[in-house]
Amino acid sequence: MVSSLIYYKDTYEFFDKHFQEIEDIRCQLESDGIEVNIPQCSDLKNFYAWLSFEQRAYEIYNDLEMDGR
């Protein structure tokens, strides 16, 4: 489904390109009281690239659900 985030090379490029947006998402989650549990021995760039992608997908889904009501 997400062919642009398959390999670490891709997630690293995504992280580097979108660092500020990823940081904004992380800070927003934190201010919302959502604890981000980073798995032990996790690659941080890969983890945060996927966290931000999944969070944004979740937000888009919720926006669509609200518009459909």
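The structure we're discussing is the one just above.
Not measured: the values here are computed from a predicted model.

Chemist: Looking at this structure, how should I read the overall build of the protein chain?
Modeler: A tally of helices and strands in the protein chain yields three helices and zero strands. Projected onto the principal axes, the alpha-carbon positions of the protein chain cover approximately 40 × 30 × 20 Å. By the burial criterion, 22% of the 69 residues in the protein chain qualify as buried. Considering only residue pairs separated by 6 or more positions, the protein chain has 61% of its internal contacts joining residues 24 or more positions apart. Approximately 5,600 Å² of the protein chain is accessible, and the part contributed by carbon and sulfur atoms is 54%. Measuring between centres, the 6 positive side-chain charges of the protein chain sit 5 Å from its 15 negative side-chain charges.

Chemist: Explain the nonpolar core here, please?
Modeler: The nonpolar side chains of soluble globular proteins are, as a tendency, buried together. Core analysis: the largest hydrophobic core is formed by seven residues, namely Phe15, Ile22, Ile25, Leu29, Phe47, Tyr48 and Leu51. Only α2 (19–31) and α3 (44–67) provide two or more residues apiece to this core.

Chemist: Help me understand unusual backbone geometry, please; the structure alone is not making it clear to me.
Modeler: Both trends apply: most residues other than glycine have a negative phi, and most peptide bonds are in trans. Positive phi, normally seen in glycine, also occurs at Cys41, with a value near 60°. Tracing the backbone through its elements, the reader meets Cys41 in the loop between α2 and α3.

Chemist: I tried to follow the side chain of Thr11 on my own but got confused; where do I start?
Modeler: If you trace the backbone, Thr11 turns up in helix α1 (residues 8–17). Within the structure, the side chain of Thr11 is placed 3.0 Å from the side chain of Asn46, a separation counted as a polar contact. Residues contacting Thr11, with those up to four places away along its chain left out, are Leu5, Lys45, Asn46, Ala49 and Trp50.

What counts as what
Residues numbered from 1 in each chain as written. Predicted model: local features only at pLDDT ≥ 70, side-chain atom pairs only at ≥ 80, totals over all residues. Heavy atoms only, no water. Helix = DSSP H or I, 4+ residues; strand = E, 2+ residues; numbered from the N terminus. Buried < 20%, exposed > 50% of the residue type's maximum accessible area, 1.4 Å probe, protein only. Contact = heavy atoms within 4.5 Å. Areas by Shrake-Rupley, 256 points an atom, 1.4 Å probe, with all protein chains shown as cover. Lys, Arg positive; Asp, Glu negative; His and termini not counted. Charge placed at Lys NZ, Arg CZ, Asp CG, Glu CD. Core = buried A, V, L, I, M, F, W, Y, C linked by side-chain atoms within 4.5 Å. Polar contact = N/O pair within 3.5 Å; in protein donor to acceptor, adjacent residues only side chain to side chain.

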